[in-house]
Amino acid sequence: MTAKIIDGVAVAKKIRDDCRGRVQRIVAQSGTRPGLAVIIVGSDPASQIYVRNKIRACANVGIESLRFDYPADVNQDAVIDRITRLNDDPAVHGILVQLPLPPSFDMARILHSISADKDVDGFHLYNVGGLVVGGTVFPPCTPYGVLKLLEHEHIALEGRNVVVVGASNIVGKPMALMLMQHEATVSICHAKTRDLAQFTILADILVVAAGYPNLIQPEMVRTGAVVIDVGINRLGDGRLVGDVNFDGVAAKASYITPVPGGVGPMTVSMLLVNTITSCERWQQQTFVPIFSKFPARVTK
Ligand code: NAP
């Protein structure tokens, strides 16, 4: 068997085309343009590239973006003060703080100071809770992108055995919860899992987000499995690879995502989707009642 390679670049492009249409409709109906504020602390080179890509993607679909740069030694209260002002700014529909933050920062405090109504990364406790009980407002972008890839390929989830390797708060855990909502039977593995292969071999669908090159070898994968590689690892020779031995596993799987060009492009596209959804909620006044700090709509 040779796997079909899922083209994340092509799927992400379709989503961005759709985003462009939604932005045009919002502007035509309300005169408002969706706005995303991006906060970056420090000068981590990878984070700088990610932020640049997000801002470029916003421009590409017509979302207004605002960028706020802080030095690594800034007092975190200054960042929280900025977030508070952005929470109250009616021109801003999404706020994201680029991670990682410097070690001196209380990441939870920063993330939870973002209004749940503008939490387009989906990291606020309200949105995390929504994943548990169903009906979250903003699904976290990377697992949301994985779901969209599966949906695009018409890969059914109901009743399937899905194994998620990686249990981080931003990828593995929300991924598992979202798959459970689609009535998959989900196992979650992490660094302390004993004999990883005894789990992965049972997977109809294997999602890998460990950050460990070549973690998944062909003998760990069932023939015909769907393999989604979320990992991004920079090797010593400069090459970018995922967590899966791509050539070996592609010979056994039915579907596989490449790195680069698989999940990566989807993550930014889903950020655009969440930002536009937020603006549409503002337009329709359908806010989260408990945490809402969204300012009332200003009529012109
Ligand atoms: P993270 O916070 O470091 O979490 C990694 C997870 O993998 C942890 O749960 C860890 O287990 C588990 N793990 C590590 N080594 C393992 C092993 N040998 N066997 C089984 N599990 C193992 O990383 P993350 O932020 O979730 O990101 C994971 C990967 O996805 C990274 O390569 C990152 O660059 C990539 N990523 C890609 C995108 C994208 O857009 N494509 C977005 C986000 C992240 P413990 O919990 O026990 O430590």
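One can find the structure itself at the top, above this paragraph.
Residues numbered from 1 in each chain as written. Predicted model: local features only at pLDDT ≥ 70, side-chain atom pairs only at ≥ 80, totals over all residues. Heavy atoms only, no water.

Before going further, it helps to spend a moment on the overall build of the protein chain. Looking only at helices and strands, the protein chain features ten helices and eleven strands. If one aligns the C-alpha atoms of the protein chain with their principal axes, the spans along those axes are about 60 × 40 × 35 Å. Residues counted as buried form 51% of the 300 residues belonging to the protein chain. Considering only intrachain contacts with a sequence separation of at least 6, the fraction spanning at least 24 residues in the protein chain is 70%. Accessible surface for the protein chain amounts to roughly 13800 Å². Of this, 55% is attributable to carbon and sulfur atoms. (Helix = DSSP H or I, 4+ residues; strand = E, 2+ residues; numbered from the N terminus. Buried < 20%, exposed > 50% of the residue type's maximum accessible area, 1.4 Å probe, protein only. Contact = heavy atoms within 4.5 Å. Areas by Shrake-Rupley, 256 points an atom, 1.4 Å probe, with all protein chains shown as cover.)

Note on placement: Val165 falls in strand E5 (residues 161–165). The exposure class of Val165 is buried, given its relative accessible area of 4%. Residues Val165 and Ile188, 23 residues apart in the sequence, show an inter-C-alpha distance of 6.0 Å. Those residues in contact with Val165 that sit more than four places away from it in its chain are Cys189, Leu196, Thr200, Leu206, Val207, Val208, Ala209, Ala210 and Leu215.

Let us look at the pattern of salt bridges. If you walk through the whole model with that rule in mind, you get twelve salt bridges. Notably, a salt bridge pairs Asp237 with Arg239, separated by 3.1 Å at the nearest N-O pair. (Salt bridge = Lys/Arg side-chain N within 4 Å of Asp/Glu carboxyl O.)

On to helix H6 (residues 141–152). With twelve residues, H6 should reach 16 Å at 1.5 Å per residue; the first-to-last C-alpha distance of 16 Å fits that figure. Counting buried positions over the twelve residues of H6 gives nine, a clear majority of the element. Buried within H6 are the following residues: Cys141, Thr142, Pro143, Tyr144, Gly145, Val146, Leu147, Leu149 and Leu150. Buried residues in H6 make contact with helix H1 (8–30), helix H7 (172–181), strand E7 (205–208), strand E8 (226–229) and helix H10 (264–284). Positive backbone phi, at 55°, marks His154, one or two positions downstream of H6. (Expected span 1.5 Å × (residues − 1).)

Turning our attention to the environment of Ile63. As for its placement among the helices and strands, Ile63 is situated in the loop between helix H2 (45–61) and strand E3 (64–70). Discounting chain neighbours no more than four positions away, the residues touching Ile63 are Val23, Pro34, Gly35, Leu36, Cys58, Leu272, Thr275 and Ile276.

Our next topic: the side chain of Gln283. Within the secondary structure layout, Gln283 lies in helix H10. Looking at Gln283, its side chain comes within polar contact range of the side chain of Gln29, at 3.3 Å. (Polar contact = N/O pair within 3.5 Å; in protein donor to acceptor, adjacent residues only side chain to side chain.)

Taken together, 20 residues are adjacent to the ligand, and Ala167, Ser168, Ala191, Ile232 and Thr267 come closest. Take Ala167: an N or O atom from its main chain is 2.7 Å from an oxygen atom of the ligand. Here an oxygen atom of the ligand and a backbone polar atom of Ile232 are 3.0 Å apart. Starting from 930 Å² of accessible surface for the ligand in isolation, the protein chains cover 68%. Taken together, the residues that form the shell around the ligand break down as eleven nonpolar, nine polar and no charged. (Near = heavy atom within 4 Å. Nonpolar A, V, L, I, M, F, W, Y, C, P; charged D, E, K, R; others polar.)

Judged by pairing direction, the sheet is parallel, and its three strands sit side by side in the order E3-E2-E4 without closing on themselves. The open sheet terminates on both sides in strands that have one partner only, identified here as E3 and strand E4 (94–97). The average angle at which neighbouring strand axes cross in this sheet is 15°, direction not considered. Pairing of strand E2 (residues 35–41) with E4, which is carried by four bridges, proceeds in the parallel orientation. Each residue of the ladder has a partner; that of Ile39, found in E4, is Val97. (Pairing = 2+ DSSP bridges. Axes fitted to C-alpha atoms, helices over the stretch in contact; angles between N-to-C directions.)

Next up on the list: the packing of H6 against H10. H10 packs onto H6 with a crossing angle of 105° between their chain directions and a minimal axis gap of 8 Å. Between H6 and H10, the crossing angle belongs to the class labelled roughly perpendicular. Across from Cys141, Thr142, Tyr144, Gly145, Lys148 and Leu149 in H6, the residues of H10 making contact are Met266, Thr267, Met270, Leu271, Val273 and Asn274. (Parallel < 35°, antiparallel > 145°, perpendicular 65-115°, else oblique.)

Let us now look at the sheet that holds strand E11 (residues 255–256). Taken in spatial order, the six strands make up an open sheet running E1-E11-E8-E7-E5-E6, and their pairing is parallel. At either end of the open sheet lies a strand with only one pairing partner, and these are strand E1 (4–5) and strand E6 (185–189). Pairing geometry for E1 and E11, over two bridges, is parallel. Directly across from Ile5, in E11, lies its bridge partner Ile256.

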